[in-house]
Protein chains: 2
Amino acid sequence: MGRLSTLFDPETVAVVGATDREGAVGRAILENLKAGFDGEVVPINPSRDEVLGLECYEDVQHAPPIDLAVVVVPPDIVLDSVRELAAAGTDDIVVITAGFAETGGDGAERERQLREIATENDLNVVGPNSLGIMSTPTGMNATFGPEDARSGSISFMSQSGAFITAVLDWANEQGIGFQDVVSLGNKTVLDETDFVREWGDDPETDVIIGYLEDIDDGQGFIEAAREVTAETPIVLVKSGRTDAGAQAASSHTGAIAGSERAYEAGLEQAGVLRARSVQELFDYARALAGLPEPESDGVAVVTNAGGPGVLTTDAVGDSTLEMASFTDETIDRLAAAMPDEANVYNPIDAIGDADIERFGEALEIALEDPNVGSAVVVAAPTAVLPYDDLAEKVIEKVETHDTPVVTCLMGGKRARDAETTLRESGIPNYFDPSRAVSGLDALARYRDSSERTIDEPRTFDVDRERAREVLERARRRNDNRLGVESMDLLEAYGIPTPQGEIVDDPDRAREVAESIDGDVVMKIVSPDITHKSDIGGVKVGVAAADVYDAYEDIVARARNYQPDATITGVQVQELLDLDASTETIVGMNRDPQFGPLLLFGLGGIFVEILEDTSVRVAPVDEGTAREMVDEIQAAPLLRGARGREPADVDGVVETVQRLSQLVTDFPSILELDINPLVAGPDGVQAIDLRLTVDPDELDTEEP
Amino acid sequence: MGRLSTLFDPETVAVVGATDREGAVGRAILENLKAGFDGEVVPINPSRDEVLGLECYEDVQHAPPIDLAVVVVPPDIVLDSVRELAAAGTDDIVVITAGFAETGGDGAERERQLREIATENDLNVVGPNSLGIMSTPTGMNATFGPEDARSGSISFMSQSGAFITAVLDWANEQGIGFQDVVSLGNKTVLDETDFVREWGDDPETDVIIGYLEDIDDGQGFIEAAREVTAETPIVLVKSGRTDAGAQAASSHTGAIAGSERAYEAGLEQAGVLRARSVQELFDYARALAGLPEPESDGVAVVTNAGGPGVLTTDAVGDSTLEMASFTDETIDRLAAAMPDEANVYNPIDAIGDADIERFGEALEIALEDPNVGSAVVVAAPTAVLPYDDLAEKVIEKVETHDTPVVTCLMGGKRARDAETTLRESGIPNYFDPSRAVSGLDALARYRDSSERTIDEPRTFDVDRERAREVLERARRRNDNRLGVESMDLLEAYGIPTPQGEIVDDPDRAREVAESIDGDVVMKIVSPDITHKSDIGGVKVGVAAADVYDAYEDIVARARNYQPDATITGVQVQELLDLDASTETIVGMNRDPQFGPLLLFGLGGIFVEILEDTSVRVAPVDEGTAREMVDEIQAAPLLRGARGREPADVDGVVETVQRLSQLVTDFPSILELDINPLVAGPDGVQAIDLRLTVDPDELDTEEP
């Protein structure tokens, strides 16, 4: 257990601001605590001697030693209360009171001070603006919500208190139970990363779930969650997925809108399963809380009803799972056990007159097939298959096999008791076949992500000092937007660039061209001219002998087009064989929550029109860089589709990693695009570069 | 009402094969009928005088006149029973008995005869292999299922009887009611198209829903459904969507696997909303059954809880709807009505202490905003917002506005009574915000599809006789696979092809080249040589003077490569400027259910790697052809993205329509690909053609 364990397992809980006034939050919390908490409850209020039959203390100094304090006093005295608690040695504090950063102005200042006090005194503060916390093992309900939680193995955090009250009422009806529940409030001190770490260490928590509107420290969260998800699954609803939703979230909790793609990448890299709705959150959680991991992706479907069997098969087809292909032995055994009209291939249809015995036998035979990694029991109501008996039979078969099984006993009232029986044995029942399969799918996806090893990012031997000088030079000349003249930044990090240089006189241009094998490309270099081709500022395939004249011509055209343009010079560059190559883009921009976000895609229409790109949070290891290249839809083009020679994919993957190292080393780089990075059969070359630097961010020297 | 109205509204129902034997289907049906049917129930069984207290007749001749007969006799006497019923003047017959086509062999022959008898006597036969039918207005439950249906305005057909029993139990619990229910069974006579037409004419049916594994006659279904959906929404679960599911469906009911893309296109063209799961089916149906159409796509969200408000906003972002942008007046009114901390922009957050009055006022102000087309009420449980009172308040506000409103009163038990109250006023309540929004989205999508006019396909002035001759010629030489030598098929239908012809001597080759302005392309034409370029069988940019030699060379290379190849000749064709053009593919193949399926996409990687294509069932009108071109992801390339001159999109759209006419006129064309159809700024040209013809299908002369 982590350092927060005392938060969830106090012996004495004080309610600072306790009252017996009807409708007051301070009364609701006290009532909830009194109703079920195993330990001592201490009301604190200077104007009461007794509250709801409990002795009340005027302040913390006069009260007995307190492990956890729940603060519900008015906003302007919260800070004093917290200071007093710290002085009295109480480290764990939940601030219920609202009126902090969410109201702006004074509230924001108050929140800043609260953070300061907490840091100085090393306090664990939940909130402010929190519904409170719960922990079912001790029966502690330190919230002002109308609902208590059932006991179970799911730990649950939420950035919305209302979300907790809405979910608990429903979960109680569904028989879903919880270990700990936390309303995160404004997350001034403790946030999602702290609770993920805490519950990752808690042997009683089987699944961590949450509703979040933002993640404060994306990199820290990825690191914590990646560790935790090796053992404990995390399922999150991260709202504000859409533009409209992000705007709504920002006006709700003041969540800063990081980009949805950053969250998508970051949560995936963290090994977090993402749910898109409340229903999906619990569909996943119920499967993850009670079932073993599937050993393979083959699903067996056992049913007494053809139509629902087909629907289930469709759901498997939509998922990352596949229908198990039965062994000959299984098929023979099923054929022997079932009537002729039954279907002994997957989905197994034991047909409408199947009784408990036949159904049970079909399930048993399926579970014994080595190709079956998980199973769905799908039933429609018939007179000969009472659901209560079916539930008992399923439990009997499941107990002797280590295979995850979910059920879909279709129907309403007649399924309720059976559902309860199944749940008590850890088997989730779903009304809809597609939801049953999505539960199994969550198990398999969690298994895959927990088994994936993320290596330390590779550290290339680079010339960090040279790169720092390029950025320093730009800073000195007050230049935030750099281009092709800064290609030595890439060279310093070992990213191949074509032979050539930027020259500012025609003689030097010819010298450079003569040192290059074959014809050259020449381009005007000017921060003021963007459409270089349109003004005749680009010449392709110039022989060395013609370079002098070409130089003069290019510069003349540029001056003619824009007399006041700053002309840095002309780039003279090796002419690459682009026909055999594919243009790619490797880029980076910084996300407010997750930091450097790498992007990969094929150039031109693929990025601009088809938006076929992949994104990851840097730094990335080799496996992750390779995923980026593999997952774009157009990836087969790089691998040599349509009779082309395959491009140097390893070179692309290495470039992604080198860029990852560059942007991690230099926080002053805000945005960077290598566009195109040309990938040919024999290697890659960065042809053009744009980057934006932050003039106020100083890059440190090499450590 | 259509001709099937008597099926659902009989005065006398006979059970042919009625019995009082426990567990028998013939008893279950009789019991269900006795329990609620308004009319007379007549048991027929030669070995009984009385069944379950009703007078039993030995056969149909001796019974009183019967409107509807439910046949449950053993399979081998079903045909005799049906003949007797026909003779006695009973036209409406439900055959429950199984053992027909689904068992193959004798059963298939029995089914063929059943169809014959029905056709001869003009009978309305449901089944065989059916669970039966229900109609709630008369309380008729002529099924052997364990559940009765509640009364309501949804009519429901299912190709799986088990699906009906599974759904009814659940629907009863949810308070969802039905008008008519039909278990389609083997669909020997009456099928989905018949019931769609019937219910389309039924003023009591507000929504038609169904579970289907196949559609027998795709074109007939599209025609019927398109008419019906102008007035009555249809929502279908069509299973077998995935490859695995299609295989499962085929072994379940012997459904022939038409392609999923054909169903997708056909159902969309028919105006049918497609649900992917049972839950979605009813989420849509509940909204469509009770709510008016939204006048615009703007959604107002009214909530007392920030988090759920954000989730709802995300769901709107995922849908085809959008968050309504409130007028200044609305914002002023909301600001005046609500506390400072409330959010008066959309989503409206009346905050946690909102009582019924404040909540109701917020809803009313939102409903009066002209930009609001629909609204979602989202609530989390609080002490000051009892759900029962909230339900009453929502109903009060909804009654004075003609705007569709759905609710999402989050929670479990505490929401149940309110849910019932809302349902009784036609307002569906959903547990999950995303499901509530999907209900509204279904309304808007239905509105759009019912408002879309589909014109008569344009009839071009074509040379049908010339096209017929091309196909006839191929048939005479026993050639099923035609290629570029049949380009006159396209010319006959007014699809532009490049200048040129196929020649079989070098002098003629030169003559043709001389008649063409500029250089030419030359290609070997041989049914036996597929990779023409690889063997040197293609020459691009040949000057007229060099054509003679090029001809000799091409033929020599072909002979050298494959001495026994049939060489039709050499194609001499105008050289097009491909740099300014885009390659597209326009194709067709025939689907077993839907007939000719048109395909459009950009050529090469777009079709082969990115699978970026659009599909429609022919014939198509201009609007549909234009949709095909517009909906591919790469469409901006045709419209002149990235600085290119726009291609002749109208020419592409016209080519799609001309091809639609061609393949509709000639059923012998099984498959056809124009690949590429080159689309440039000045027009389109079909460069290459492949088609497969059915030698046994004779094309009729022009009518």
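Just above, that's the structure.
Presented here is a report on the structure given in the accompanying data block. (Residues numbered from 1 in each chain as written. Chains lettered and ligands numbered in written order. Predicted model: local features only at pLDDT ≥ 70, side-chain atom pairs only at ≥ 80, totals over all residues. Heavy atoms only, no water.)

**Some points on the overall build of chain A**
And step 1. Along its length, chain A carries 24 helices and 30 strands.
And step 2. For chain A, the proportion of its 703 residues judged to be buried stands at 59%.
And step 3. Partitioning the intrachain contacts of chain A with sequence separation of at least 6 by distance along the chain shows that 71% fall at a separation of at least 24.
And step 4. Taken as a whole, chain A presents about 27400 Å² of accessible surface, with 42% of it coming from carbon and sulfur. (Helix = DSSP H or I, 4+ residues; strand = E, 2+ residues; numbered from the N terminus. Buried < 20%, exposed > 50% of the residue type's maximum accessible area, 1.4 Å probe, protein only. Contact = heavy atoms within 4.5 Å. Areas by Shrake-Rupley, 256 points an atom, 1.4 Å probe, with all protein chains shown as cover.)

**Description of the interface of chain B and chain A**
A common way to state how big an interface is: give the accessible area lost once the parts meet.
And step 1. Residue-level contacts link 69 residues of chain B with 68 residues of chain A.
And step 2. Between chain B and chain A lies a buried interface of about 5300 Å² when both sides are counted; carbon and sulfur atoms form 62% of it.
And step 3. At the junction of chain B with chain A, the criterion picks out ten salt bridges.
And step 4. Where R241 of chain B meets D318 of chain A, a salt bridge forms, and the shortest distance between an N and an O atom there is 2.7 Å.
And step 5. If you tally residues by element for the side of chain B that touches chain A, the top one is helix α11 (residues 306–318) of chain B, at nine residues.
And step 6. Residue classes in the side of chain B that touches chain A are distributed as 31 nonpolar, 20 polar and 18 charged. (Buried area = accessible area lost by both parts, 1.4 Å probe. Salt bridge = Lys/Arg side-chain N within 4 Å of Asp/Glu carboxyl O. Nonpolar A, V, L, I, M, F, W, Y, C, P; charged D, E, K, R; others polar.)

**Details of unusual backbone geometry**
Most peptide bonds take the trans configuration, and most residues that are not glycine carry a negative phi.
Residues and elements named next belong to chain B.
And step 1. Backbone torsion omega between G127 and P128 reads -5°, so that peptide bond is classified as cis.
And step 2. Topologically, P128 is positioned in the loop between β7 (124–126) and β8 (132–135).
And step 3. Put simply, A618 and P619 share a cis peptide bond, and its omega is 0°.
And step 4. In this fold, P619 is placed in the loop between β27 (613–617) and α22 (622–631).
And step 5. One non-glycine residue, L52, lies in the positive phi region at around 50°.

**What about the sheet that holds strand β1 (residues 12–16) of chain A?**
Residues and elements named next belong to chain A.
And step 1. Pairing is parallel in the open sheet, where five strands are placed in the order β2-β1-β5-β6-β7. Whereas interior strands pair on both sides, the edge strands pair on one side only; in this sheet they are β2 (40–44) and β7 (124–126). Looking at each pair of strands side by side, their axes are set apart by 20° on average, direction ignored.
And step 2. Sheet analysis places β1 next to strand β5 (residues 68–71), joined by four bridges and oriented parallel. What sits directly across from V13, in β5, is L68. (Pairing = 2+ DSSP bridges. Axes fitted to C-alpha atoms, helices over the stretch in contact; angles between N-to-C directions.)

**Describing helix α5 (residues 161–174) of chain B**
Quick reminder: α-helices carry 3.6 residues per turn. Residues three or four places apart thus point the same way.
Residues and elements named next belong to chain B.
And step 1. Along its 14 residues, α5 runs 20 Å from first to last C-alpha, staying within 8% of the 20 Å computed at 1.5 Å per residue.
And step 2. In terms of residue burial, α5 counts as a mostly covered element, since twelve of its 14 residues are buried.
And step 3. Within the span of α5, buried status applies to G161, A162, F163, I164, T165, A166, V167, L168, D169, W170, A171 and N172.
And step 4. Its side-chain oxygen placed 3.4 Å from the backbone nitrogen of A162, S160 serves as the N-cap of α5.
And step 5. G175 occupies a position one or two residues after α5 and carries a positive phi of about 75°. (Expected span 1.5 Å × (residues − 1). Polar contact = N/O pair within 3.5 Å; in protein donor to acceptor, adjacent residues only side chain to side chain.)

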